[in-house]
Amino acid sequence: MTYSVQFGDLWPSIRVSLLSEQKYGALVNNFAAWDHVSAKLEELSARDFVNEAISHWELEPESGQSGAPSPASWACSPNLRCFTFARGDVSRFPPARLGSLGVMDYYLMDAASLLPVLALGLQPGDIVLDLCAAPGGKTLALLQTGCCRNLAANDLSTSRIGRLQKVLHSYVPEEIRDGNQVRVTSWDGRKWGELEGDTYDRVLVDVPCTTDRHSLHEEENNIFQRSRKKERQMLPMLQVQLLAAGLLATKPGGHVVYSTCSLSHLQNEYVVQGTIELLANQYSIEVQVEDLTHFRRLFMDTFCFFPSCQVGELVIPNLMANFGPMYFCKMRRLT
């Protein structure tokens, strides 16, 4: 009932897509023999949607822009390779295998989950925080960029942290995992502003949400159970607290990406706008939303985007490109 009001004529198509089999992307593990892995995925007729989009963009400067360099804020996080099957192709990837270097070849994930990491625009030497890191797909992607001088991966849930550790163990070499590059913690993310204020260059805040697609297919511990009603109603408040903590943990001038896998504007745009207001009023901190229109144009061949978000971008499930939902919004802390 809620979404038919929010999405109008688009809702029947989104609904049927959510109920249909989801599409995956194969994130190439750069710690494996990545060139060999990429060649194998190409043999399956999959394509690297990230590099295809970026090289396409570089070849065709927008008219009127005639080869002018793109603003720095447009830069995607580098070194990410993720293969998907073309629109309308519902082939499945075979399960990932252990490669010759002792780590897994690729990681299967909803390809839309990579967009928040790409949007964060990591640069070499960045100090990075993944505030709600489990089960670990986005944390792994952050490490794949090769940009993290230090990466703090945090999640309040110790059982979910177990899943994150397992992903790191299977995909990341021991010297990186156990060196001082990655720190895994299980603290209350809402307190991060007090714990490590003004510290990070880039922060990913991928908050707990109603996980709309998952909730349709999974009865166990479902967030829409009657017993969890109060918890569900409190989600936007928790999301605001987490995003505020993420912004407080960012250095002035640093960037934050907020993301959810929900369609609900109460958990998406409203949270972003509410948090920006809260920081202005309570902390006199100015936060600016970055425009991601170019980003939507860059990846519109792979994903279906909702055309009218107030802030940020939303990938909506579509039978031809059944990824998402995935909302993401990029912010810059100015003061």
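Anyway, here's the lowdown on the structure attached to this text.

Conventions used here
- Residues numbered from 1 in each chain as written.
- Predicted model: local features only at pLDDT ≥ 70, side-chain atom pairs only at ≥ 80, totals over all residues.
- Heavy atoms only, no water.
- Buried < 20%, exposed > 50% of the residue type's maximum accessible area, 1.4 Å probe, protein only.
- Helix = DSSP H or I, 4+ residues; strand = E, 2+ residues; numbered from the N terminus.
- Arc of directions from axis to C-beta.
- Contact = heavy atoms within 4.5 Å.
- Polar contact = N/O pair within 3.5 Å; in protein donor to acceptor, adjacent residues only side chain to side chain.
- Expected span 1.5 Å × (residues − 1).
- Bend = angle between axes of the 7 residues up to and from the residue.
- Phe/Tyr/Trp six-rings, centres within 6.5 Å; stacked < 30°, edge-to-face > 60°.
- Lys NZ or Arg CZ within 6 Å of the ring centre and 35° of its normal.

**Thoughts on helix α4 (residues 49-59)**
Buried within α4 are the following residues: Phe49, Val50, Ala53 and Trp57. Buried residues in α4, looked at end-on, bunch into an arc of 105°, giving them a common side. α4 presents Glu58 and Leu59 as exposed residues on the side facing more than 90 degrees away from its buried surface. In the core, the buried residues of α4 are packed alongside β2 (47-48), β3 (82-84), α5 (114-119) and α13 (293-298). With a side-chain oxygen lying 3.1 Å from the backbone nitrogen of Val50, the N-terminal cap of α4 falls on Asp48.

**So, helix α11 (residues 229-248)**
Between its first and last C-alpha atoms α11 spans 30 Å; for 20 residues at 1.5 Å apiece the expected length is 28 Å, and the two agree. Of all the bends in α11, the greatest reaches close to 45° and is centred on Leu235; the proline Pro236 follows between one and four positions later. Looking only at α11, the buried set comprises Leu235, Gln239, Val240, Leu242, Leu243, Ala244, Ala245, Gly246, Leu247 and Leu248. Along its buried surface, α11 packs onto α9 (192-195), β8 (200-206), β9 (250-260), α12 (269-283), β10 (287-289) and β12 (326-333).

**As for the packing of aromatic side chains**
Given two aromatic rings, one states the distance between the centres and the angle between the planes to describe the pair. Per the stated rule, a full pass over the model turns up 14 aromatic pairs. Plain terms: the ring middles of Phe7 and Phe306 are 5.0 Å apart, the flat faces sit at 70° to each other, and that makes the pair edge-to-face. In this pair, Phe7 is assigned in helix α1 (residues 2-7) and Phe306 in the loop between α13 and β11 (313-315), connecting sequence segments 299 residues apart. The buried category is assigned to Phe306, whose relative accessible area is 10%. Summarising the aromatic geometry, the rings of Phe295 and Phe328 are spaced 5.7 Å apart at their centres and angled 70° between planes, so their arrangement reads as edge-to-face. A residue pair is termed long-range when its members are at least 10 positions apart, and Phe295 in helix α13 and Phe328 in strand β12 qualify at 33 residues. Of the two residues, Phe295 and Phe328, both sit in the buried class. These aromatic residues form a ring-pair network of at least three members: Phe49, Phe295, Phe299, Phe303, Phe305, Phe323 and Phe328. Lying across the ring of Trp34, Arg81 places its NZ or CZ 3.7 Å from the centre.

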